[in-house]
2 protein chains.
Amino acid sequence: MSAADLTPATRTSEDVRVANTALVLRTLRADGPSSRAVLAASTGLTKGTVGTIVGRLSDLGAVHEDAPGVAQPGPATRGRPSRPVTLEGSPLVGLGIEVNVDYRAAVALDLAGATQLFTEERGAVGGDRVDVTEVDAFVRRCRRRLEADGHRLLGLCLAVPGLVERDRRVVRSAPNLGWHDLDLAAAVTGGVPAGTPVRVDNDANCAARAEAWVGVASGAEHVLYVTGTVGVGGGVVSDGDVVHGLRGFAGEIGHMRLGDSDERCGCGRRGCWESQVGLLAMLRRVGMPHEPDVDPLLVAEQVARRAAVDADVRAGLALLADDLARGCAVLANALDPGTIVLGGYFATLAPWLLPTVRDRLARDVFAGGCAVRTSTLGLRAAATGAAAHVLSDVFDARVPLPAP
Amino acid sequence: MSAADLTPATRTSEDVRVANTALVLRTLRADGPSSRAVLAASTGLTKGTVGTIVGRLSDLGAVHEDAPGVAQPGPATRGRPSRPVTLEGSPLVGLGIEVNVDYRAAVALDLAGATQLFTEERGAVGGDRVDVTEVDAFVRRCRRRLEADGHRLLGLCLAVPGLVERDRRVVRSAPNLGWHDLDLAAAVTGGVPAGTPVRVDNDANCAARAEAWVGVASGAEHVLYVTGTVGVGGGVVSDGDVVHGLRGFAGEIGHMRLGDSDERCGCGRRGCWESQVGLLAMLRRVGMPHEPDVDPLLVAEQVARRAAVDADVRAGLALLADDLARGCAVLANALDPGTIVLGGYFATLAPWLLPTVRDRLARDVFAGGCAVRTSTLGLRAAATGAAAHVLSDVFDARVPLPAP
DNA sequence: TGACTTAGTTCAAGGGTTGCACCAAACTGG
DNA sequence: CCAGTTTGGTGCAACCCTTGAACTAAGTCA
């Protein structure tokens, strides 16, 4: 029923193969190396089916079998020894690319979750608006590097700071990039092998997915991601999928009006959460000046250094933490995420924020609290999440593996 | 990946049939009566497949064909005339049952969305804790009535005021009913034909689904439902599915701490939204006494009558509306639902609440506002949503149609 | 009446899984 | 050392579902 379906609505027997192959892949990821017999038992498929599926995966290089004759450690087992199959994803990778005003990053994740590529480029391309052909060229460079290393593309996902249509292809509005109603997916499709799925998603949503996939909340099905930069953004992962909302605005938590403050926000409204916990509000609280054009994370590191020696700075951060916790608690009550991941400058200042946030969440969350973690993905969060988007499409059988 | 999967993980060719049959059903529901040829074109299936699927649906009584020879109105068409197929769901119904302390209700919805049964019983059964065998007996009575009328059960869903495990079968905690760790699904399975799917869900979540299925937000994929009784509850529908959260607490919006109020709440915390917009807070604002044991909706009707003639009451409701809107705006920013449905006593007092709520949402929601509707389902909302749960399982191919 | 057009059915072919028979490769016990 | 046992893995006929093309059905138009 989702408008973002990648596969056509009709089902054929090939979809059965795709779904069962994905099931085997999920099982291998969750349980680690397993023999065909164990796979058959834990998936519910017959031995014969597992045999053919593993055979195809092996042809693709997605799995490999341990050499025969290798004695297993542990107690002696009866019967013919098993030959475990291991998820060896490196030949197949999902490529995630973050596009920002003066920053582009690419991450390739293989099926086993390992990073096979990380590259970044700084500097603006194009004037008022980011040049799409430069993005296309970046995609082509990444593809060439991957193919030179023997990798094969499962799919491509682009993370952009803006609003994406429900078809996950068209950027409706990305003011920072100067893009409006731009079919970004079509613009870069030429740079990848024909048939490769190409998707576009919001950068904060991608970062949320990254945390739930390979980050500090790895494996969690329900995650709330809250990131602080100049603005405050977020992403909601529910049942393993990102919540987009009707128009793709879900996660615009920076403009929730929470307290009784009347502080003016950059968006023109008053009392937005962002005007209390955004970068500018933080600097005001700790009594430090705002220098535009300096990376928010560098600014936060300066503040962290000051906090280590200045009690007034720490007091300012404690007040900030209280407002941060207030918003997190509200969202935790509405969504019961189980885990909240703090990213952006919140992660940099975590030592001075976490205690207060945890205390207040334990007190104010109806479900009985909520784990709070700090992101370690840093700048590569969005690109990593975009790559994870590709992988989740494969593991959840929304996209088939390529033919051998 | 969801823990609530109803179907086994392995896929077979039968799943293909189930999925394509569901696709045909969805198309018939969305587009109305259509010929096989039109169905083939709009679903993407071949004519042959549509023929066999429609044949099976016809055997089940789920669809019927118009009598041949009935001339179609409109311009003369060339070629063999089509024989449109109509969704005639009445033989197949989903049964939803709400269980509350001194109230039980049942609703049966057929595939076409028509209500084929509504019945309610008042009065407590059991002492401190609601007697499960009485619930089972109620299920059996409903089943007998349905079968006597020639209906067949597609599935059963029970809505309870409490927390439900992720398996959608076990009630973890329903304090009002006196239930803890009760396998409610198992307790009533004996009352329905063998093989009938049985599920349990939270009542507010069910009500939210009812609004998105047959209520004022019918057809919406993204809905936020907010209901006011003594407490304040809610439900989030995203991409057509209810968001449950990690522990099933999603939607416990009554205990969000929004403003800077320190009002004590019944839950022991301070500043909860419920303590500002719950029934007791409303009565306080309009200067009317709280009489326990009177149905909140009756109380609200009294208030409505007073509001019509008393400006002070209207002023109190205006203040309430402001706080109601504040919470709705926060949630709309986080989830971008597109539509908010107000239920419970909020619906009763809608004439005095809606203008303020709409104004404030238009101002405070980043996505550019949010439609606000008032529920018309009243007491039968939860049971209707439970029945809709069964139907959505069929239309989304999570549950197969029975064999003829 | 006959050509044309559109609706619907029939049927061989192909892809996928199942379940069972069968082969393979170890250990156990005498 | 060799048969017996146990467990891992493959091969194959049967079954289910969709596809696509050929074919039948039932109207309109000239």
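Here the structure is shown first, and the text comes after it.
Model, not experiment: these values are computed from the prediction.

Colleague: Which residues make up the overall build of chain A, and what values go with them?
Modeller: Across its full length, chain A holds 13 helices and 15 strands. If one aligns the C-alpha atoms of chain A with their principal axes, the spans along those axes are about 70 × 50 × 40 Å. Residues counted as buried form 54% of the 404 residues belonging to chain A. At a minimum sequence separation of 6, the contacts of chain A that also span at least 24 residues come to 63%.

Colleague: Break down the interface of chain B and chain A for me, with residues and values.
Modeller: Between chain B and chain A, the residue contacts involve 58 residues of the former and 58 residues of the latter. The contact between chain B and chain A buries some 5000 Å² in all, and 55% of this surface belongs to carbon and sulfur atoms. Taken together, the links from chain B to chain A amount to 4 salt bridges. We note a salt bridge from Asp336 of chain B to Arg247 of chain A, for which the minimum N-O separation is 2.7 Å. For the side of chain B that touches chain A, the secondary-structure elements that each account for two or more residues are α1 (13-31), α10 (311-335) and α12 (350-364) of chain B. Broken down by element, the side of chain B that touches chain A gets its largest block of residues, 7 residues, from α1 of chain B. The residue inventory of the side of chain B that touches chain A, partitioned by class, reads 22 nonpolar, 19 polar and 17 charged.

Colleague: Talk me through the protein's contact with DNA strand D; I want residue IDs and the actual numbers.
Modeller: Every one of the 23 residues lining DNA strand D counts as a neighbour, but Ala37, Lys47, Gly79 and Arg80 of chain A together with Arg17 of chain B are closest to it. Counting only atoms of DNA strand D within 4 Å of the protein, the fraction found in sugar and phosphate groups is 72%. A distance of 3.0 Å is found between a phosphate oxygen of DNA strand D and a backbone nitrogen or oxygen belonging to Ala37 of chain A. Thr49 of chain B is positioned with one of its side-chain polar atoms (N or O) 3.1 Å from a phosphate oxygen of DNA strand D. The set of elements that each furnish at least two residues to the surface near DNA strand D consists of α2 (36-43) of chain A together with α1 of chain B. Per-element accounting of the surface near DNA strand D gives the leading share, 4 residues, to α1 of chain B. Split by residue class, the surface near DNA strand D holds 5 nonpolar, 9 polar and 9 charged.

Colleague: So, the sheet that holds strand β5 (residues 115-122) of chain B: which residues are in play, and what are the values?
Modeller: Residues and elements named next belong to chain B. Strands sit in the order β5-β4-β3-β6-β10 across an open sheet of 5 strands; the sheet is mixed. Each edge of the open sheet is held by one strand with a lone partner, namely β5 and β10 (198-202). The mean inter-strand angle of the sheet, taken between neighbouring strand axes irrespective of direction, is 15°. Alignment of strand β4 (residues 103-110) against β5, held across 7 bridges, turns out to be antiparallel. Of the residues in β5, the one forming a bridge with Ala105 is Glu120. Against the sheet, helix α13 (residues 381-395) makes contact with β3 (92-100), β4, β6 (152-160) and β10, and its axis sits at roughly 140° relative to β3, the strand it touches most.

Colleague: Just give me the short version of the state of the cysteines, but keep the residues and values in it.
Modeller: Within the structure shown, the criterion is met by 0 disulfides over all chains. No disulfide involves Cys206 of chain A; its nearest neighbouring cysteine sulfur is the one of Cys157 of chain A, lying 4.5 Å away. In this model Cys370 of chain B remains outside any disulfide bridge; the closest cysteine sulfur is found in Cys328 of chain B, 8.2 Å from its own.

Colleague: Hey, could you go over the packing of helix α8 (residues 279-286) of chain A against helix α9 (residues 296-309) of chain A for me, with residue numbers and the actual values?
Modeller: Residues and elements named next belong to chain A. Packing of α8 against α9 brings their axes to within 11 Å, and their N-to-C directions diverge by 20°. By the criterion of interaxial angle, the relationship of α8 to α9 is roughly parallel. For the pair α8 and α9, the sense of crossing is left-handed. Listed contacts from α9 to Leu279, Met282, Leu283 and Val286 of α8 are Pro296, Val299 and Val303. Looking at the contact of α8 with α9, its residues break down into 7 nonpolar, no polar and no charged.

Colleague: Describe the sheet that holds strand β15 (residues 371-374) of chain A, listing the residues and the values that go with them.
Modeller: All names here are of chain A. Read from one edge to the other, the open sheet built from 5 strands follows the order β13-β12-β11-β14-β15, with strand pairing classed as mixed. The sheet is open, and its two borders are formed by β13 (241-242) and β15, each paired with just one other strand. In this sheet, β13 lies alongside strand β12 (residues 232-238) in antiparallel orientation, the contact comprising 2 bridges. Bridged to Val237 within β13 is Val242. The sheet contacts of helix α10 (residues 311-335) involve β11 (223-228), β12 and β14 (339-344), and relative to β14 the element is tilted by about 140°.

Colleague: With reference to specific residues and values, describe the side chain of Asp110 of chain A.
Modeller: Residue and element names in this part refer to chain A. Topologically, Asp110 is positioned in strand β4 (residues 103-110). The charged side chain of Asp110 is buried without a salt bridge, its nearest counter-charge being Arg29 at 9.9 Å. Separated by 2.8 Å, the side chains of Asp110 and Gln116 make a polar contact. Ignoring sequence-local partners within four residues, the contact set of Asp110 consists of Gly89, Ser90, Leu92, Val93, Gln116 and Leu391.

Colleague: If you had to explain the pairing of β12 of chain A to someone new, which residues and values would you point to?
Modeller: Residue and element names in this part refer to chain A. Counting buried positions along β12 gives 7 out of 7 residues, so the element sits mostly inside the fold. Neither face of β12 is left uncovered, since the one carrying Val232, Gly234, Val236 and Ser238 and the one carrying Gly233, Gly235 and Val237 both have all their residues buried. Adjacent in sequence and paired antiparallel, β11 and β12 are bridged by 3 residues. In this structure, the hairpin formed by β12 and β13 is closed by a connection of 2 residues, where Asp239 is found at a positive phi of approximately 55°.

Colleague: Describe the pairing of strand β3 (residues 92-100) of chain A, with residues and values.
Modeller: Residues and elements named next belong to chain A. The element β3 is extensively covered by neighbouring structure, given that 9 of its 9 residues are classed as buried. Taking every second residue as pointing to the same face, both faces of β3 are buried, with Leu92, Gly94, Gly96, Glu98 and Asn100 on one and Val93, Leu95, Ile97 and Val99 on the other. As defined by bridge partners, β3 adjoins strand β6 (residues 152-160) across 7 bridges and the pair is classed as parallel. Following the sheet pairing, Gly96 is matched in β6 by Cys157. One ladder, built from 8 bridges, connects β3 with β4; its direction is antiparallel. Note on β4: the bridge partner recorded for Glu98 is Ala105. Hairpin geometry of β3 and β4 is characterised by an intervening segment of 2 residues between the two adjacent antiparallel strands.

Colleague: So what's going on with the relation of the copies chain B and chain A? Which residues, and what values?
Modeller: Mapping chain B onto chain A leaves a residual RMSD of 0.1 Å; the transformation is a rotation of 180° accompanied by 0.0 Å of translation along its axis. What the superposition gives is, in effect, a two-fold axis relating one chain to the other. Ranked by how close their C-alpha atoms come to the rotation axis, the residues of chain B are headed by Gly259 of chain B, at 2.2 Å. Interface overlap between copies is the fraction of interface residues in one copy that are interface residues in the other; for chain B against chain A it reaches 100%, indicating a shared surface.

Colleague: Describe the pattern of salt bridges, and please don't skip the residues or the numbers.
Modeller: All names here are of chain B. On inspection of all chains with the given rule, the structure shows 44 salt bridges over all chains. Here Arg17 makes a salt bridge to Glu14, at a shortest N to O gap of 3.8 Å. Linking Arg17 with Glu14, this pair stays in helix α1, spanning 3 residues, or about one helical turn. With relative accessibility at 52%, the residue Glu14 sits in the exposed group. We note a salt bridge from Asp241 to Arg398, for which the minimum N-O separation is 3.8 Å.

Colleague: Explain the protein's contact with DNA strand C to me, and be specific about the residues and the numbers.
Modeller: If you check the shell around DNA strand C, you find 23 residues, and the closest are Arg17 of chain A together with Lys47, Arg78, Gly79 and Arg80 of chain B. Considering DNA strand C, the proportion of its atoms within 4 Å of the protein that are sugar or phosphate atoms stands at 70%. With respect to DNA strand C, the backbone of Arg83 of chain B contributes an N or O atom lying 3.0 Å from a phosphate oxygen. Elements supplying a minimum of two residues to the surface near DNA strand C: α1 (13-31) of chain A together with α2 (36-43) and α3 (47-60) of chain B.

Colleague: With reference to specific residues and values, describe helix α13 (residues 381-395) of chain A.
Modeller: The end-to-end C-alpha separation of α13 of chain A is 20 Å, in line with the 21 Å expected for 15 residues at 1.5 Å each. Burial runs high along α13 of chain A: 15 of the 15 residues are buried.

Definitions and cut-offs
- Residues numbered from 1 in each chain as written.
- Chains lettered and ligands numbered in written order.
- Predicted model: local features only at pLDDT ≥ 70, side-chain atom pairs only at ≥ 80, totals over all residues.
- Heavy atoms only, no water.
- Helix = DSSP H or I, 4+ residues; strand = E, 2+ residues; numbered from the N terminus.
- Buried < 20%, exposed > 50% of the residue type's maximum accessible area, 1.4 Å probe, protein only.
- Contact = heavy atoms within 4.5 Å.
- Buried area = accessible area lost by both parts, 1.4 Å probe.
- Salt bridge = Lys/Arg side-chain N within 4 Å of Asp/Glu carboxyl O.
- Nonpolar A, V, L, I, M, F, W, Y, C, P; charged D, E, K, R; others polar.
- Near = heavy atom within 4 Å.
- Polar contact = N/O pair within 3.5 Å; in protein donor to acceptor, adjacent residues only side chain to side chain.
- Pairing = 2+ DSSP bridges.
- Axes fitted to C-alpha atoms, helices over the stretch in contact; angles between N-to-C directions.
- Disulfide = S-S within 2.5 Å.
- Parallel < 35°, antiparallel > 145°, perpendicular 65-115°, else oblique.
- Left-handed = near helix turned anticlockwise from the far one by under 90°.
- Lys, Arg positive; Asp, Glu negative; His and termini not counted.
- Least-squares fit on C-alpha atoms with pLDDT ≥ 70 in both.
- Expected span 1.5 Å × (residues − 1).

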